[in-house]
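Here is how the chains run, residue by residue.
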Amino acid sequence: MNITDYLDNLPTHRDENYLYTDVKEALATVDTVVNASIDATGIGGSIVGSVLQANEGETLSCVIAQDLINLNAVAVSDILHIEFNDQNPKPVEIFLSSDGGCNTLAQSRIDVVVTSESDGQLILRTNNLHSAANCVLNVSVEHDAKLDIVLIQTQKQEAPVFVSTIVNMAENANVSVSTINIDASLVRNNILINLNGEHSNLRLYGIGKAGGTSHIDNTTWVNHLVPNCTSEELYKCIANDDSVVAFSGRIVVAPNAQKTSAQQTCRNMLLSANAHAYAKPQLEIYADDVKCSHGATSGQIDAAQLFYMQQRGISRQTAMNLLTDAFALEVVNKIPVESIRAELIAEE
C-alpha cells in the first residue's frame, strides 16, 4: 500500500472507536505527507534524545488508533528516542512544529523509556503545528519508575491534530497522562495504557475548552492485566458556541486482575444551546474481586450561582469566566507538573 491507500482507509463514524471523530473526513484535503519538526530540550536548555531510523522502531499495536499508527509507520523516517535514567532525570519539553496548512499532514514518532527506579517528566507541545498532524508517542516505564506526561495545546489551531499515546507499565510503576486542549480546530487524543506489572498506578487527567467550531475528542483504553493495580481518570470539558467535546473511555479488567481499583469520571459544561457533549464510559470486567466505577454528566452553569455573583456587582461575563475556571480547576490542580499548573492558572 502507498500513502494514498492508507489515507483512503482511515476510520469514519462507522467505526465504533470513532463515533465522534471522522478521521477520513478531517484529513480529506491532505495531499502531502511530511515529517514534523521536533525540538526536544531539557527544561535547563540542553538538547536531549537520539534519532533512530524508523525501521529500528517497534511495531506498535493500538486498538483505538491502529490506522493512524500504520499511517505514521509508513511515513516517518526518523524516531526521536528519549531515555530517563539517573544521568538524565531532568524534565524534557518537546515542541512539534510544521507548515503547509490543512493540505499537509506532518507525522512524528517519539519513543520514551524510563529505566528502573528513575523519574521523568515529559511535556509535548503542539502549539506550533500549522498543518494537520499525526503524532505517535510510545512509552515504556520499567519497574519502580515514575513518569508524568503532559500533552498541551493552548493556542488556536486551524488544522486537525491526532496524538496517539501508548504506555506499557511494569510492576510498581507510576504514570500520569494529562491532556490540555484550548480552542483546537480538531484534536483527537488516543491514549492506550497497559498495566503489565503488579502494584502499578495510573492517573489520566484531561481538560478541554472549546469555542466556535472546535472539536475535542479524548479516547482512552486502560488494560488492567495483572492484580493489585489502580487507575483514576478525570476528564472535564467546557463547550461554547457550535463546538463539540467528546469522551470515550474503556477500562478492561482481565480475568486474573483481582484487587483492581479503577475509577473513571467525565464531566462536561455546556455554555451554548448549539454546543454538543458526548460521553461513553465503559467497563469490561472479567474478575470478581475489584472496585470499579464510571460516570458521566453534562450540564450548564448554575443559574443561581450566576445570579448571586451578579447581585454583588460582578458582570455576567466575568461571573461566567469565574465559574468555568472553577469548574476546570479540579483537573488543573491534579496535574503533577508544577510549571504546567502555574501556566494554566496564569492564563485563566
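Attention in this report is confined to the structure presented alongside it. (Residues numbered from 1 in each chain as written. Predicted model: local features only at pLDDT ≥ 70, side-chain atom pairs only at ≥ 80, totals over all residues. Heavy atoms only, no water.)

1. Considering empty space enclosed by the protein
Take a probe with the size of a water molecule and roll it over the atoms, and the empty space left behind shows itself. As enumerated under the stated definition, the model contains three cavities of 30 Å³ or more in all. Looking at the largest cavity, its volume works out to about 70 Å³. What lines the largest cavity is Glu-16, Asn-17, Ile-64, Thr-219, Thr-220, Trp-221, Ser-248, Gly-249, Arg-250, Lys-280 and Gln-282. For the lining of the largest cavity, the elements supplying multiple residues, two or more each, are β12 (215–224), β14 (244–253) and β16 (276–285). Looking at the lining of the largest cavity residue by residue, the classes come out as two nonpolar, six polar and three charged. Estimates place the volume of the second largest cavity at around 50 Å³. For the second largest cavity, the full set of lining residues is Leu-124, Thr-126, Leu-151, Ile-152, Val-161, Val-163, Asn-181, Val-187 and Asn-189. Where the lining of the second largest cavity is concerned, the elements lending two or more residues are β6 (119–141), β7 (146–153), β8 (160–169) and β10 (186–195). (1 Å grid on protein atoms, 1.4 Å probe; cavity = no way out; pocket = protein on both sides within 12 Å on 5 of 7 lines; lining within 4 Å. Points joined across faces, edges and corners; volume = space filled by probe spheres on them. Helix = DSSP H or I, 4+ residues; strand = E, 2+ residues; numbered from the N terminus. Nonpolar A, V, L, I, M, F, W, Y, C, P; charged D, E, K, R; others polar.)

2. Section: the environment of Thr-104
Mapped onto the secondary structure, Thr-104 falls in strand β5 (residues 92–114). Take Thr-104: its relative accessible area is 8%, and that puts it in the buried class. Separated by 201 residues in sequence, Thr-104 and Gln-305 have C-alpha atoms that sit 46 Å apart. Within the structure, Thr-104 has its side chain in polar contact with the backbone oxygen of Gly-100 (distance 3.5 Å). (Buried < 20%, exposed > 50% of the residue type's maximum accessible area, 1.4 Å probe, protein only. Polar contact = N/O pair within 3.5 Å; in protein donor to acceptor, adjacent residues only side chain to side chain.)

3. What about unusual backbone geometry?
Of note, Asp-183 is a non-glycine position whose phi angle comes to about 55°, a positive value. Within the secondary structure, Asp-183 is located in the loop between β9 (174–182) and β10. We note that Asn-228 has phi near 65°; this positive angle belongs to a residue other than glycine. Topologically, Asn-228 is positioned in the loop between β12 and β13 (230–239). Taking the relative accessible area as the measure of exposure, Asn-228 reaches 28% and is therefore partly exposed.

4. Looking at the side chain of His-224
With respect to the secondary-structure elements, His-224 resides in strand β12. Judged by its relative accessible area of 0%, His-224 is buried. Separated by 2.9 Å, the side chains of His-224 and Ser-231 make a polar contact. In contact with His-224, other than residues within four places in its own chain, are Leu-195, Cys-229, Thr-230, Ser-231, Ile-251, Val-252, Val-253, Ala-254, Ala-257, Thr-260, Ser-261 and Ala-262. (Contact = heavy atoms within 4.5 Å.)

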